[in-house]
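The primary structure of each chain is shown beneath.
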Amino acid sequence: MSHKPIQTLLNANEEWAQSVMKTTPDFFARSATGQKPKILWIGCSDSRVPESIITASKPGDIFVHRNVANQFHLHDDSALSVLTFAVKEVGVEHVVLVGHTNCGGAMACMAAAKGAATNPTVSTPLARWLRPLTALVRSLDLSACSASEALNKVVEANVIKQVDNICKSEPITTAWADSDAKRVTVHGWMYDLAEGRIRELVVRDAQAKL
């Protein structure tokens, strides 16, 4: 096993830290005192969608939670704890749920939806995690779509479904019910890997609640 990729990261970190210190000498001292990001990014674990890089953001700009296929399950304590902390403690004003084209998780769910009839008892951690998305795939009419069109339709439907779930969660419903609380808006975005651009699919706030 080669450790070169690890050493490359460590070397790059040292170069980056030195560069920041030269241009903004007090950056790390200020960063160490606390964070006040206005945005919570809930995205996919895919290595091609690094939120800070594709939005030209700096450390401290975005609070982040990522998982396979950008899911937000209402029974997932990890996602719920991030959302709760972000809204109630950090004070974010925008929650963005971000999917992307050519999503491997969506592809896996499309394959699982087709194979469910022949192998319905498959149960791995990944299969269990993606089960709601696989069910969503089965609910869509993809018969007239090409493979690429079907995948994009699944990705977009997934973004909208996860936005719906976020809007049903306790941190958001509580914030929206409290007229004195800081306003929180929920966004559904799709990132195009081939173009490097983000497209907004849906926006929800207290006035447009489910």
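Heads up: these notes are all about the structure in this document. (Residues numbered from 1 in each chain as written. Predicted model: local features only at pLDDT ≥ 70, side-chain atom pairs only at ≥ 80, totals over all residues. Heavy atoms only, no water.)

**With respect to the overall build of the chain**
Looking only at helices and strands, the chain features eight helices and five strands. When its helices and strands are written in sequence order, the chain yields α-α-β-α-β-α-β-α-α-α-α-β-β. Overall, the C-alpha framework of the chain stretches about 60 × 55 × 30 Å when taken along its three principal axes. Put simply, 64% of the contacts in the chain that link residues at least 6 apart link residues at least 24 apart. Accessible surface computed for the chain: about 12,100 Å², of which carbon and sulfur atoms make up 56%. Side-chain charges in the chain split into 22 positive and 21 negative, and the spacing between the mean points of these groups amounts to 3 Å. (Helix = DSSP H or I, 4+ residues; strand = E, 2+ residues; numbered from the N terminus. Contact = heavy atoms within 4.5 Å. Areas by Shrake-Rupley, 256 points an atom, 1.4 Å probe, with all protein chains shown as cover. Lys, Arg positive; Asp, Glu negative; His and termini not counted. Charge placed at Lys NZ, Arg CZ, Asp CG, Glu CD.)

**Considering helix α8 (residues 170-177)**
What α8 keeps buried is the set Pro-171, Ile-172, Ala-175 and Trp-176. One side of α8 carries all its buried residues, which in axial view fall inside an arc of 120°. Turning to α8, the residues buried within the fold contact α4 (77-90), β3 (94-100), α7 (147-168), β4 (185-192) and β5 (197-204). (Buried < 20%, exposed > 50% of the residue type's maximum accessible area, 1.4 Å probe, protein only. Arc of directions from axis to C-beta.)

**Structural notes on the pairing of β5**
Bridge count between β4 and β5: seven bridges; the pairing is antiparallel. Note that in β5 the partner of Gly-188 across the bridge is Val-202. Between β4 and β5, which pair antiparallel one after the other, the connecting turn spans four residues, and Gly-196 there sits at a positive phi close to 75°. (Pairing = 2+ DSSP bridges.)

**Quick look at the pattern of salt bridges**
Scanning all chains against the criterion turns up seven salt bridges. The partner of Asp-46 in a salt bridge is Arg-48, with the nearest N and O atoms 2.7 Å apart. Given the relative accessible area of 15%, Asp-46 is considered buried. For Glu-51, the salt bridge identified is with Arg-66, shortest N-O distance 3.3 Å. Residue Glu-51 is located in helix α3 (residues 51-54), and its partner Arg-66 is located in strand β2 (residues 62-67); the two are separated by 15 residues in the primary sequence. For Glu-51, a relative accessible area of 11% gives the class buried. (Salt bridge = Lys/Arg side-chain N within 4 Å of Asp/Glu carboxyl O.)

**Comments concerning unusual backbone geometry**
Here the phi dihedral of Ala-56 falls at roughly 50°; this positive angle occurs in a residue that is not glycine. With respect to the secondary-structure elements, Ala-56 resides in the loop between α3 and β2. Unusually for a residue other than glycine, Ala-69 sits at a positive phi of about 70°. In this structure, Ala-69 sits in the loop between β2 and α4.

**Some thoughts on the sheet that holds β5**
Two pairing modes exist for strands in a sheet, parallel and antiparallel, and in both the strands are linked by backbone hydrogen bonds. Strand order across the open sheet formed by five strands is β2-β1-β3-β4-β5, with mixed pairing between neighbours. Edge positions in the open sheet fall to β2 and β5, since each of these has one partner strand only. Averaged over all pairs of adjacent strands, the angle between their axes in this sheet comes to 25°, without regard to strand direction. One ladder, built from six bridges, connects strand β1 (residues 39-44) with β2; its direction is parallel. Each residue of the ladder has a partner; that of Ile-42, found in β2, is His-65. Each of β1, β3, β4 and β5 touches α7; the most contacted strand, β4, lies at about 160° to it. (Axes fitted to C-alpha atoms, helices over the stretch in contact; angles between N-to-C directions.)

**Re the side chain of Gln-71**
Among the secondary structure elements, Gln-71 is positioned in the loop between β2 and α4. Residue classification places Gln-71 among the buried positions, given a relative accessible area of 0%. A polar side-chain atom of Gln-71 sits 2.8 Å from the main-chain carbonyl oxygen of Ala-69. One polar contact links Gln-71 to His-73, side chain to side chain, over a distance of 3.4 Å. Ignoring any residue separated from it by four or fewer positions in sequence, one finds Gln-71 in contact with Ile-42, Trp-129, Leu-133, Asn-158 and Gln-162. (Polar contact = N/O pair within 3.5 Å; in protein donor to acceptor, adjacent residues only side chain to side chain.)

**Considering the side chain of Asn-158**
Relative to the helices and strands, Asn-158 is located in helix α7. Taking relative accessible area as the criterion, Asn-158 reaches 4% and is therefore assigned buried. When sequence neighbours within four positions are dropped, the list of residues in contact with Asn-158 reads Ala-69, Asn-70, Gln-71, Leu-133 and Leu-136.

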